[in-house]
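The primary structure of each chain is shown beneath.
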Amino acid sequence: MKNFISPLILLFILSITLISCEDDNKIPQEVLEINKFVDDYMDFAYYWNTEMPNIDYNKEPDSKTYFDKLLFKDIDQWSFITDNLDELLAYFSGVRKSMGHSLRLFKISDSSDDIIAFIEYIEPNSPADLAGLGRGDMIYMVDDQVLTINNYSSLLNKESYKLSLGSFNSDFSINPITPSVNLSSVELNTNPIHISKVIEHGGKKVGYLMYKSFIDDYNDQLEDVFADFKSQGIDDLVLDLRYNGGGSVNTAILLSSMIAPADKKDEVFLRTAYNENLDKYFKEENPNDSELFIDRIQENVNNVNLDRLVVLTTYKTASASEMVMYGLSPHMEVHHIGEQTHGKYYGSITISDPDEKHSWAIQPIVMRAENIDNSIDYSIGLIPDEDRTDFLNASTFYPLGDSREDFLAQALEYLTGIVPNGVNLKSTSSPFIPINQEYKFAHPLEYDMHFRSLK
């Protein structure tokens, strides 16, 4: 996706003549300046700018509330505003405050309000890792309170807490495990490459990459992974995007270019659609560019030249992750195992004050990403070829990257026709009901595709 942000910003480096007219509500001047900043950029760049209500920003005492009022909420769940630009830029680089665990929530049964949480994965060297927690550990109490549909969000949305672990008896009653575990969040540098390995199974070499986020600061390491896959001569690839909510568009294009068949180089991977203002502006600024809204599969020395790809997903698989799937699908076989994905086909940019008068920034949706044949139902997530629910179908929770792990075993069976030893891929029976929403919105970029932050 072309980086159109710099010329866009030049367009907006204009004299902001905000009339100092604090009205009878005595709204502070600094609030009015931020409101004006929001109004200017949203009116010009927001993808749904024609759907925004007509609101007088001079009468809005809270800038975050004002921004929220402007959003086209029939579709847009993702645009946001922040008063801490530095924190946002740190997030783009993989620096995030966390305890280092990712959780999946289930109601115990349809007739109960009680909830349990399974640990999906652990960040290396995080508080959760140092406490000895691991994938498949089950949590049923936080700060000595049983998790329920009514309290789970508030209990888990803390900077520190005590976790009570348990296991299930044959009747699905809970057997407590002692001792409990105390955790506090810290700032972590998150490497999105969680696991990369080559698995020899059924006479084939299968690459496996568990990739957590599209962070372009780690693009060199991502290329190293594919250089290793290529040197080992992989026959197939399993791309585990179960917990990947998206990220950098450029990284998604890079990853896809290293996967696609080599003869698809220069084929259209992505088309981008903007609002009328941006569409007109870009065309006027680039009148001779026939590739203005097109991104193509790139030539890359680490391309592994595959004709099929297996992708593992959950409802958390979103945005740039989905882009890889639907961008590649017209060019190769993309076999989808898991759950219906999140369904976000729109991208955002970071806009901050060009004069650095304040630390506020907005992250509005500015474009829609379309594949070469526009074969996307924008109202729903991508539908799997083989439907499996994380933690619900498996009888045993193996570590990620273990060939016996439920989703990976299913992928290996699809690729080779051979089920890994000791694995039963028949769905197990349990009363659990998935809760497909985040217990904790650690950051509004959880489901996003974006450009790098620029002023």
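Residues numbered from 1 in each chain as written. Predicted model: local features only at pLDDT ≥ 70, side-chain atom pairs only at ≥ 80, totals over all residues. Heavy atoms only, no water.

Asker: Could you give an account of the sheet that holds strand β11 (residues 204–211), with specific residues and numbers?
Answerer: Note on sheets: strands pair through backbone hydrogen bonds, and any given pair is parallel or antiparallel. Taken together, 6 strands build an open sheet; the order of strands is β10-β11-β12-β16-β17-β22 and the sheet is mixed. The open sheet is flanked by β10 (193–201) and β22 (386–387), the only strands paired with a single partner. Pairing geometry for β11 and strand β12 (residues 236–240), over 5 bridges, is parallel. Paired with Val 206 across the bridge in β12 is Asp 236. On top of the sheet, helix α11 (residues 406–416) reaches β10, β11, β12, β16 (308–313), β17 (333–338) and β22; it is set at about 160° to β16, its chief contact. (Pairing = 2+ DSSP bridges. Helix = DSSP H or I, 4+ residues; strand = E, 2+ residues; numbered from the N terminus. Contact = heavy atoms within 4.5 Å. Axes fitted to C-alpha atoms, helices over the stretch in contact; angles between N-to-C directions.)

Asker: Can you break down helix α3 (residues 63–70) residue by residue, with the values?
Answerer: Owing to its 3.6 residues per turn, the α-helix aligns residues three or four sequence positions apart on the same side. Every buried residue belonging to α3 is among Ser 63, Tyr 66, Phe 67 and Leu 70, and all of these are buried. Relative to the axis of α3, the buried residues are bounded by an arc of 100° and lie together on one face. Next to the buried residues of α3 lie α2 (29–45), β1 (80–82) and β20 (361–363). (Buried < 20%, exposed > 50% of the residue type's maximum accessible area, 1.4 Å probe, protein only. Arc of directions from axis to C-beta.)

Asker: So what about the sheet that holds β1? Which residues, and what values?
Answerer: The antiparallel open sheet is built from 3 strands, whose spatial order is β1-β20-β19. Of all strands in the sheet, those with a lone pairing partner are β1 and β19 (351–352), marking the two edges. Bridge count for β19 against β20 is 2 bridges, and the pairing is antiparallel. Following the sheet pairing, Ile 351 is matched in β20 by Ile 362. Sheet strands in contact with helix α4 (residues 85–92) are β1, β19 and β20, and its direction is about 40° off that of β20.

Asker: Requested: an account of the packing of aromatic side chains, with residues and values cited.
Answerer: A complete count under the given rule lists 26 aromatic pairs for this structure. Taking the centre distance of 5.2 Å and the plane angle of 10° together, the rings of Phe 118 and Phe 391 count as stacked. Of this pair, Phe 118 sits in strand β4 (residues 115–122) while Phe 391 is found in the loop between β22 and α11, placing the two residues 273 residues apart along the sequence. One exposure class covers both Phe 118 and Phe 391, and it is buried. Cation over ring: Arg 368 sits above Tyr 378, and NZ or CZ is 4.0 Å from the ring centre. (Phe/Tyr/Trp six-rings, centres within 6.5 Å; stacked < 30°, edge-to-face > 60°. Lys NZ or Arg CZ within 6 Å of the ring centre and 35° of its normal.)

Asker: How would you sum up unusual backbone geometry? Please name residues and give values.
Answerer: A cis amide bond links Thr 178 to the next residue, Pro 179, at an omega of -5°. Turning to its location among the elements, Pro 179 is positioned in strand β8 (residues 174–184). Despite not being glycine, Asp 144 has its phi angle at roughly 65°, a positive value. Among the secondary structure elements, Asp 144 is positioned in the loop between β5 (138–142) and β6 (145–146). In this structure, Asp 266 takes a positive phi of about 80° despite not being glycine. For Asp 266, the location among the structural elements is in the loop between α8 (249–259) and β14 (268–274).

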